[in-house]
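# Breakdown of the fold
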2 protein chains.
Amino acid sequence: MNHARQYLIDNGIKPSVQRIAIMKYLFEHRTHPTVDDIFHDLHDAIPTLSRTTVYNTLKLFAEKGAILSLTIDEKKVRFDGYKQRHAHFRCLECDEVFDISLDRDVEFPQEDGLRGFEAVETHVYHRGYCAECAKKKNFNNK
Amino acid sequence: MNHARQYLIDNGIKPSVQRIAIMKYLFEHRTHPTVDDIFHDLHDAIPTLSRTTVYNTLKLFAEKGAILSLTIDEKKVRFDGYKQRHAHFRCLECDEVFDISLDRDVEFPQEDGLRGFEAVETHVYHRGYCAECAKKKNFNNK
DNA sequence: TACAAAGTTGTAATTATTACATTCTTGTTT
DNA sequence: AAACAAGAATGTAATAATTACAACTTTGTA
């Protein structure tokens, strides 16, 4: 039942109480949390947790390829424990980040587009208004 | 011959000495500069220029849709005066940002992928090693 | 020439992130 | 079980990008 623990080991990361808790958090919260979101939410369960540990841990996870770090928000980095290929959408109104499916036509770039360049990761980001905020916005502009 | 000035007007931006200089800079430098790059490089020509003005100006340009602001670099925002659809590639070694052509197959997402979401802009970012750094890296690992 | 609106400037504040030295855990060896 | 070393976690202090803000300047117009 300790999925997070095993996941860390599989990614070459030594599990610790803090690391397991953070990985578990990312599996359970598909909200693209920031360092502070995670720090804040885990603080009750692990009162000794340090913000620096959250920074260190997320950096390590991203380096090991266990998670994605998203720079869709110009203020702070967000993190994503969901590794399946998908795009992200940030709402300019409510500031939430959503997962967007990438359909067949929207494939990730092939070798040919990148002559000689070695891509490690590719991100597709949208910025705009999420369904809910778009509705409100269009209603008000009527 | 004042292309930058006219471009600003066309985008609903009142031209000023500073704004024209910054727009001109972006047209002439396809390097995805940061605020500081621009501030530093224009300082000789306009000694009174303030860093705040560069921030204000770039924010205004981006809001008016005259330029793109790129969040490919987790530290600082970069700017791009080239509006044609293209992707970006940031080298993890030399930290340069390159333009990458998006071929026909790599289209920007269509409406269907975004049910109800209103996309204002879409970015495709790659991170990895540029041709030059990849060559060095592979040579050293031999 | 006077004036208001918009633009620019410089400093101070804010905020995310990193550096670093100290303390704590963990597993291993005696 | 005690001693030890390596790796991890912690907290504070530093750094760096960005924004807030109040004062000053420029521009166009009456």
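In this text the structure is predicted, and so the values were computed from the model without any measurement. Within each chain, residue numbers correspond to sequence positions counted from 1 in written order. Starting at A for chains and at 1 for ligands, labels are handed out in the order in which the entities are written. The predicted nature of this model means local features are confined to residues of pLDDT at least 70 and side-chain atom pairs, given and counted, to a pLDDT of 80 or more, with totals for whole chains, interfaces and linings taken over all residues. Side-chain calculation: all heavy atoms of the structure are included, whereas hydrogens and water are not.

## Considering the domain arrangement of chain A
Residue and element names in this part refer to chain A. The split of the chain into domains comes from an automatic or database domain assignment. According to the domain assignment, chain A contains domain 1 (2–78) and domain 2 (84–141). In this complex, domain 1 contributes 10 residues to the contact, which on the side of domain 2 involves 11 residues. Summed over both partners, the accessible area (1.4 Å probe) lost when two parts come together is defined as the buried area. Buried area between domain 1 and domain 2, summed over both chains or domains, comes out near 990 Å², and the portion from carbon and sulfur atoms is 50%. In the sections that follow, a salt bridge refers to a side-chain nitrogen of Lys or Arg positioned within 4 Å of a carboxyl oxygen of Asp or Glu. In this structure, the connection of domain 1 to domain 2 is made through four salt bridges. In this structure, Asp99 engages Arg30 in a salt bridge whose closest nitrogen and oxygen atoms are separated by 3.1 Å. In protein, a polar contact requires one atom able to donate a hydrogen and another able to accept it; more generally it is a pair of N or O atoms within 3.5 Å, and residues adjacent in sequence count only if both atoms are side-chain atoms. Linking domain 1 with domain 2 are nine residue pairs in polar contact (both at pLDDT 80 or more). Per the convention used, a helix needs a DSSP run of H or I reaching at least four residues, while a strand needs a run of E reaching at least two, with both numbered from the N terminus. Broken down by element, the residue count for the side of domain 1 that touches domain 2 peaks at three residues, all from strand S1 (residues 68–70). When the residues that make up the side of domain 1 that touches domain 2 are grouped by side-chain class, the tally is three nonpolar, three polar and four charged. Should any heavy atoms of two residues lie within 4.5 Å, those residues are considered in contact. Each residue is assigned to one class: nonpolar for Ala, Val, Leu, Ile, Met, Phe, Trp, Tyr, Cys and Pro, charged for Asp, Glu, Lys and Arg, and polar for all the others, Gly among them.

## Remarks on the packing of aromatic side chains
Geometrically, a pair of aromatic rings is defined through the distance of the ring centres and the angle of the planes. Centre distance within 6.5 Å is the pairing criterion for rings of Phe, Tyr and Trp, where only the six-membered ring of Trp is used; planes under 30 degrees apart are then read as stacked, over 60 as edge-to-face, and the remainder as tilted. By the definition in use, this model includes seven aromatic pairs over all chains. Both rings, one in Phe89 of chain A and one in Phe117 of chain B, keep their centres 4.7 Å apart while their planes meet at 85 degrees; by these two values the pair is edge-to-face. One end of the pair, Phe89 of chain A, is in strand S3 (residues 87–91); the other, Phe117 of chain B, is in the loop between strand S4 (97–100) and strand S5 (118–129), on a second chain. A simple rule labels every residue: compare its accessible area, found with a 1.4 Å probe on the protein chains alone, to the largest value its type can have, and call it buried under 20%, exposed over 50%, or partly exposed in between. For Phe89 of chain A, a relative accessible area of 0% puts it in the buried group. Note on Tyr7 of chain B and Phe27 of chain B: the rings are 5.0 Å apart at their centroids and 75 degrees apart in plane angle, and the pair reads as edge-to-face. Of this pair, Tyr7 of chain B sits in helix H1 (residues 3–10) while Phe27 of chain B sits in helix H2 (residues 17–28), placing them 20 residues apart in sequence. The residue whose ring lies beneath Arg30 of chain A is Tyr82 of chain A, and the NZ or CZ to ring-centre distance is 3.8 Å. Both a distance and an angle decide whether a charge sits over a ring: NZ of Lys or CZ of Arg must be within 6 Å of the ring centre and within 35 degrees of the ring normal.

## Some thoughts on the side chain of Arg78 of chain A
Residue and element names in this part refer to chain A. You can see Arg78 is positioned in strand S2 (residues 78–80). Classification of Arg78 by relative accessible area gives buried; the value is 7%. Setting aside anything within four residues of it in sequence, one finds Arg78 in contact with Thr31, His32, Pro33, Thr34, Leu68, Ser69, Leu70, Ile72, Asp73, Asp95 and Val97.

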